[in-house]
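Listed here are the chains, written in short residue letters.
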Amino acid sequence: MQHEGRRVFAEGRGLGPSLAWLTGSFAFAGVFLAVIRDVEPLVVAVITLVSWAFFVVLALLHARGRVRITPSEVRIRGALGEWVVPRHEIAEVVHTDNLQVMGTNGYLALLDDRGEPLWRTSTKVWPEATLVELRSTGRRRTHLKSLSPQEARERWPRMLPVSLAYPLWAFSITFVTILLVAGGIVALAVVLER
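Residues numbered from 1 in each chain as written. Predicted model: local features only at pLDDT ≥ 70, side-chain atom pairs only at ≥ 80, totals over all residues. Heavy atoms only, no water.

**So, a nonpolar patch on the surface**
Taken together, Met102, Leu168, Phe171, Phe175, Val176, Leu179 and Leu180 make up a surface patch of nonpolar side chains, about 780 Å² in accessible area. Note on placement: Leu168 falls in helix 6 (residues 167-193). Its relative accessible area of 64% is what places Leu168 among the exposed residues. (Patch = residues over 30% accessible without salt bridge, like charges linked within 9 Å, V, L, I, M, F, W, Y side chains within 5 Å. Areas by Shrake-Rupley, 256 points an atom, 1.4 Å probe, with all protein chains shown as cover. Salt bridge = Lys/Arg side-chain N within 4 Å of Asp/Glu carboxyl O. Helix = DSSP H or I, 4+ residues; strand = E, 2+ residues; numbered from the N terminus. Buried < 20%, exposed > 50% of the residue type's maximum accessible area, 1.4 Å probe, protein only.)

In structure tokens, the structure reads:
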């Protein structure tokens, strides 16, 4: 038994349509910038192309994502690296169709005997066939229709990263950080105006 699953883009639309949407969005933004501001066309073109290229590179890095499942291991290739999880170390696979956190649908974690995550992922980035194969890799399998962060913390204390285990806390820190950065930019602009 061997299975390889490729990362899914834009809710199943694929990499090509995602890059086409990205290109159209940046072209629109470039034209919009030129219309609302009196900016040289060359400056608009450079800003648009550099921004577009940055996001295309990010998309291509994410497109490298693969999961290969063999009888002895689960091999995961991410945007910047690859790691291997020996199957004999996977004590439990926890899969929920709905992790009740903002922006998260399904969630899957491979846990060791101590409940430590060996690998965890959102399910919306993998095809269903890959999720089916991943669910079969552990000695124990737990499938839940819905799971709140509190329930996850009680049953599997280390399964979720802090941002998902304590979403309100993580959101608050992010919001305060954005306010501080925006305030710093405004203060810098005021100082430079003088």
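**Regarding the packing of helix 1 (residues 15-36) against helix 2 (residues 41-63)**
Their axes nearest at 10 Å, the elements helix 1 and helix 2 cross at an angle of 160 degrees. Compared by their axis directions, helix 1 and helix 2 come out roughly antiparallel. Between helix 1 and helix 2 the crossing geometry is right-handed. Contact with helix 1, carried on its side by Leu15, Leu19, Leu22, Thr23, Phe26, Ala27, Gly30, Leu33 and Ala34, involves Val44, Thr48, Ser51, Trp52, Phe55, Val56, Ala59, Leu60 and Ala63 of helix 2 and no other residues of that element. Each residue belonging to the contact of helix 1 with helix 2 can be placed in one class, and the counts come to 14 nonpolar, four polar and no charged. (Axes fitted to C-alpha atoms, helices over the stretch in contact; angles between N-to-C directions. Parallel < 35°, antiparallel > 145°, perpendicular 65-115°, else oblique. Left-handed = near helix turned anticlockwise from the far one by under 90°. Contact = heavy atoms within 4.5 Å. Nonpolar A, V, L, I, M, F, W, Y, C, P; charged D, E, K, R; others polar.)

**Some points on the pairing of strand 6 (residues 107-111)**
A large share of strand 6 lies buried, amounting to five of its five residues. Neither face of strand 6 is open: one carries Tyr107, Ala109 and Leu111, the other Leu108 and Leu110, and all of them are buried. Inspection of the sheet shows strand 5 (residues 92-96) paired to strand 6 by five bridges, in the antiparallel sense. Of the residues in strand 6, the one forming a bridge with His95 is Leu108. Sheet topology places strand 6 next to strand 7 (residues 117-122); five bridges connect them, and they run antiparallel. Directly across from Leu108, in strand 7, lies its bridge partner Thr121. What sits between the antiparallel neighbours strand 6 and strand 7 is a turn of five residues, in which Gly115 has the positive phi angle 85 degrees. (Pairing = 2+ DSSP bridges.)

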